[in-house]
Amino acid sequence: MSEPRFITFEGIDGSGKSTQARRFASYLEGQGREVVLTREPGGSSGAEDIRALLLTGDPGRWSAETEILLFTAARRDHLEKTIHPALAAGKIVVSDRFADSTRVYQGATRGDLRAMVDSLHALMIGREPDLTFIIDMDPETALTRGLARKSGEDRFEDFGLAFQETLRHGFLALARANPDRCVLIDGNRTEDQIASEIAAHL
Ligand code: ADP
Ligand code: TYD
């Protein structure tokens, strides 16, 4: 396989994705690579504006269908403004979340909307990561960690524990369905142990 250049981190809220994406980007920089560390929703100026709409307010503020449109709009801007230019310049892109989050959070939590997610993805995004680390984690611990941050961006954490459990199963199913691209990582360990396993994959 050629060297992965577009690498994503996925998992439930509070699973340690941001921590590991940051550490992995530093590791790659330490190897002399040029890296763009980015995130979703967000990662470009317009997409960061959409982020605020999606992550604050009541859980019922948007339907899952409206969320699909907003997350996809944010992703399209992120691709145009950040991801494509960085890849074209020969950099490695490490993104904290990407389309797999929409497949799971919007596609499989409030009814089966996966076909709608996939259609819009094909129409507007049409790009998969080369490599995806899915951090699997006990939902109760992850939710406690996530809420302890008091980020003010807790709209999805506020759906509660059962929602996080559904998400966890969604990510496990995604990992099983895409073994060529996805690597499942046990997140119930220390940051150092997880970071070493991730680095060893390259
Ligand atoms: P995510 O991006 O998946 O929501 P974060 O990386 O922001 O997760 O981590 C959530 C919280 O848990 C942070 O306060 C972080 O410092 C802490 N944390 C991350 N990884 C671990 C770990 N392996 N063990 C214990 N705490 C962790
Ligand atoms: P993030 O900041 O990564 O949250 P956390 O640190 O809690 O994991 O992501 C913001 C939230 O947006 C998170 O709850 C997951 C949700 N989300 C979706 O529902 N669909 C998507 O397509 C994306 C990218 C994120």
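Please refer to the structure higher up on the page.
All figures in this text were calculated on a predicted structure; none of them were measured in a lab.

Caption draft 1: Expanded view of the sheet that holds strand β3 (residues 92–96). As summarised here, the arrangement of the five strands in space is β2-β3-β1-β4-β5, forming an open sheet in which the pairing is parallel. One side of each edge strand has no neighbouring strand; the edge strands of this open sheet are β2 (35–39) and β5 (182–186). Each adjacent strand pair in this sheet contributes to an overall mean axis angle of 20°, direction not counted. One ladder, built from five bridges, connects strand β4 (residues 131–136) with β5; its direction is parallel. Bridging from a neighbouring strand, Ile 135 pairs with Ile 185 of β5. Along the sheet, helix α8 (residues 191–200) contacts β1 (6–11), β4 and β5; its crossing angle with β5, the most-contacted strand, is approximately 160°.

Caption draft 2: Expanded view of the packing of helix α3 (residues 64–88) against helix α5 (residues 114–124). Remark: α3 packs on α5, axes separated minimally by 11 Å, with the N-to-C direction vectors making an angle of 25°. In this view, α3 runs roughly parallel relative to α5, as classed from their interaxial angle. Once α3 is placed against α5, the crossing between them reads as right-handed. For the pair α3 and α5, the contacting residues are Glu 65, Ile 68, Leu 69, Thr 72 and Arg 76 in the first and Met 116, Val 117, Leu 120 and Met 124 in the second. Of the residues in the contact of α3 with α5, the class split is six nonpolar, one polar and two charged.

Caption draft 3: Here's a closer look at the site of ligand 1. Taken together, 13 residues form the shell around ligand 1, and within it Lys 17, Ser 18, Thr 19, Arg 149 and Arg 189 come nearest. In the environment of ligand 1, an oxygen atom lies 2.9 Å from a nitrogen or oxygen atom belonging to the backbone of Gly 14. Here a nitrogen atom of ligand 1 sits 3.1 Å away from a polar atom, N or O, in the side chain of Arg 145. Computed on the free molecule, ligand 1 has an accessible area of 560 Å², of which 73% lies beneath the protein chains in the complex. A total of three residues in the shell around ligand 1 trace back to one element, the largest contributor, which is helix α1 (residues 17–30). Its residues assigned to classes, the shell around ligand 1 comprises two nonpolar, six polar and five charged.

Caption draft 4: Geometry of the packing of aromatic side chains. What the rule picks out here adds up to 11 aromatic pairs. Arranged with centres 5.3 Å apart and planes meeting at 35°, the rings of Phe 9 and Phe 133 form a pair that is tilted. Residue Phe 9 is found in strand β1, and its partner Phe 133 is found in strand β4; the two are separated by 124 residues along the sequence. Geometrically, the ring pair formed by Phe 71 and Phe 156 is tilted, given 6.0 Å between the ring centres and 45° between the ring planes. Here Phe 156 lies in the loop between α6 (139–148) and α7 (161–177) and Phe 71 lies in helix α3, a separation of 85 residues in the sequence. You can call Phe 71 buried: its relative accessible area is 9%. A relative accessible area of 4% means that Phe 156 is categorised as buried. Three or more aromatic residues link up through ring pairs in this structure, and these residues are Phe 71, Tyr 105, Phe 156, Phe 159, Phe 163 and Phe 171. Here the guanidinium or amino end of Arg 75 rests over the ring plane of Phe 98, the centre of that ring lying 5.3 Å away.

Caption draft 5: Structural view of the nonpolar core. Core analysis: the biggest nonpolar cluster contains 20 residues, and Leu 54, Tyr 105, Phe 156, Leu 167 and Phe 171 have the highest contact counts within it. Listed by contribution, the elements that provide at least two residues to this core are α2 (45–55), α3, α4 (99–106) and α7. Top contributing element to this core by residue count: α7, with five residues. The contacts of Leu 54, once residues within four sequence positions are left out, are Pro 41, Trp 62, Glu 67, Leu 70, Phe 71, Arg 155 and Phe 156. Counting residues in hydrophobic clusters, the runner-up holds 16 residues, among them Ala 25, Leu 131, Phe 133 and Ile 135.

Criteria and cut-off values
- Residues numbered from 1 in each chain as written.
- Chains lettered and ligands numbered in written order.
- Predicted model: local features only at pLDDT ≥ 70, side-chain atom pairs only at ≥ 80, totals over all residues.
- Heavy atoms only, no water.
- Pairing = 2+ DSSP bridges.
- Helix = DSSP H or I, 4+ residues; strand = E, 2+ residues; numbered from the N terminus.
- Axes fitted to C-alpha atoms, helices over the stretch in contact; angles between N-to-C directions.
- Contact = heavy atoms within 4.5 Å.
- Parallel < 35°, antiparallel > 145°, perpendicular 65-115°, else oblique.
- Left-handed = near helix turned anticlockwise from the far one by under 90°.
- Nonpolar A, V, L, I, M, F, W, Y, C, P; charged D, E, K, R; others polar.
- Near = heavy atom within 4 Å.
- Polar contact = N/O pair within 3.5 Å; in protein donor to acceptor, adjacent residues only side chain to side chain.
- Areas by Shrake-Rupley, 256 points an atom, 1.4 Å probe, with all protein chains shown as cover.
- Phe/Tyr/Trp six-rings, centres within 6.5 Å; stacked < 30°, edge-to-face > 60°.
- Buried < 20%, exposed > 50% of the residue type's maximum accessible area, 1.4 Å probe, protein only.
- Lys NZ or Arg CZ within 6 Å of the ring centre and 35° of its normal.
- Core = buried A, V, L, I, M, F, W, Y, C linked by side-chain atoms within 4.5 Å.

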